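The residues making up each chain are set out below.
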Amino acid sequence: ALQKFVMANHDFRVVLVGLAGNKRLAEAASRHDSQIQALRRATLEKKSNREIVVRHHQLLVAALGRHDAQAAETIMRDLMLQARESILALIPAPRS
């Protein structure tokens, strides 16, 4: 189930970036994705993180459907902040 989610999440991002119609952006996003794939997968092992991703993707699709660029930007910024927190949560606490 996790691997299916990871692949669906990847496919969503590819389609999303493709909507911009900018080949150079798509290539840069693809390089970035390949560099952080293992880290992203680690964060997605947690069910609550997968739920956050799905909810943000739903909100993003709705905003894009309304042609609401400001809402789409806000949703993506929030998702990136959530992703940052998920990544930081993977770092073990220092030992004293």
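Residues numbered from 1 in each chain as written. Predicted model: local features only at pLDDT ≥ 70, side-chain atom pairs only at ≥ 80, totals over all residues. Heavy atoms only, no water.

A. Inspection of the side chain of histidine 57 at higher detail. Note on placement: histidine 57 falls in helix α3 (residues 47-65). The residues contacting histidine 57, other than those within four sequence positions of it, are Asn9, Phe12 and Leu79. (Helix = DSSP H or I, 4+ residues; strand = E, 2+ residues; numbered from the N terminus. Contact = heavy atoms within 4.5 Å.)

B. Main features of the pattern of salt bridges. Under the criterion given, the structure shown has 6 salt bridges. The salt bridge involving arginine 40 is made with aspartate 33; its shortest N-O contact spans 3.1 Å. The exposure classification of arginine 40 matches that of aspartate 33, with both residues buried. When the shortest N-O distance is used, the salt bridge between arginine 66 and aspartate 68 registers 3.6 Å. One salt-bridge network, held together by shared partners, links Arg13, Asp33 and Arg40. (Salt bridge = Lys/Arg side-chain N within 4 Å of Asp/Glu carboxyl O. Buried < 20%, exposed > 50% of the residue type's maximum accessible area, 1.4 Å probe, protein only.)

C. Representation of the packing of helix α1 (residues 2-18) against α3 within the structure. One can describe the packing of α1 onto α3 by two numbers: an axis separation of 12 Å at closest approach and a directional angle of 25 degrees. Our classification of the angle between α1 and α3 gives roughly parallel. Crossing hand, α1 versus α3: left-handed. Mapping the contact onto sequence places Leu2, Phe5, Asn9, Phe12 and Leu16 in α1 and Arg50, Val53, Val54, His57, Leu60, Val61 and Leu64 in α3. Along the lines of polarity and charge, the residues of the contact of α1 with α3 split into 9 nonpolar, 2 polar and 1 charged. (Axes fitted to C-alpha atoms, helices over the stretch in contact; angles between N-to-C directions. Parallel < 35°, antiparallel > 145°, perpendicular 65-115°, else oblique. Left-handed = near helix turned anticlockwise from the far one by under 90°. Nonpolar A, V, L, I, M, F, W, Y, C, P; charged D, E, K, R; others polar.)

D. Highlighting α3. Across its 19 residues, α3 extends 27 Å between first and last C-alpha, which sits within 8% of the 27 Å expected from 1.5 Å per residue. Those residues of α3 lying buried are Asn49, Val53, His56, His57, Leu60 and Ala63. Viewed along the axis of α3, the buried residues span an arc of 125 degrees, placing them on a single side of the element. Of the exposed residues in α3, those oriented more than 90 degrees away from the buried face are Lys47 and Gly65. (Expected span 1.5 Å × (residues − 1). Arc of directions from axis to C-beta.)

E. Quick look at the packing of α1 against helix α2 (residues 23-44). At a minimum axis distance of 11 Å, the contact between α1 and α2 shows a crossing angle of 155 degrees. If you check the angle between α1 and α2, you find them roughly antiparallel. Relative to α2, the crossing made by α1 is right-handed. Across the interface between the two elements, Leu2, Gln3, Phe5, Val6, Asn9, His10, Arg13 and Val17 of α1 pack against Leu25, Ala26, Ala29, Asp33, Gln37, Arg40, Arg41 and Leu44 of α2. Of the residues assigned to the contact of α1 with α2, the class counts are 8 nonpolar, 4 polar and 4 charged.

In short, the description is geometric, and any link to function would need to be established separately.
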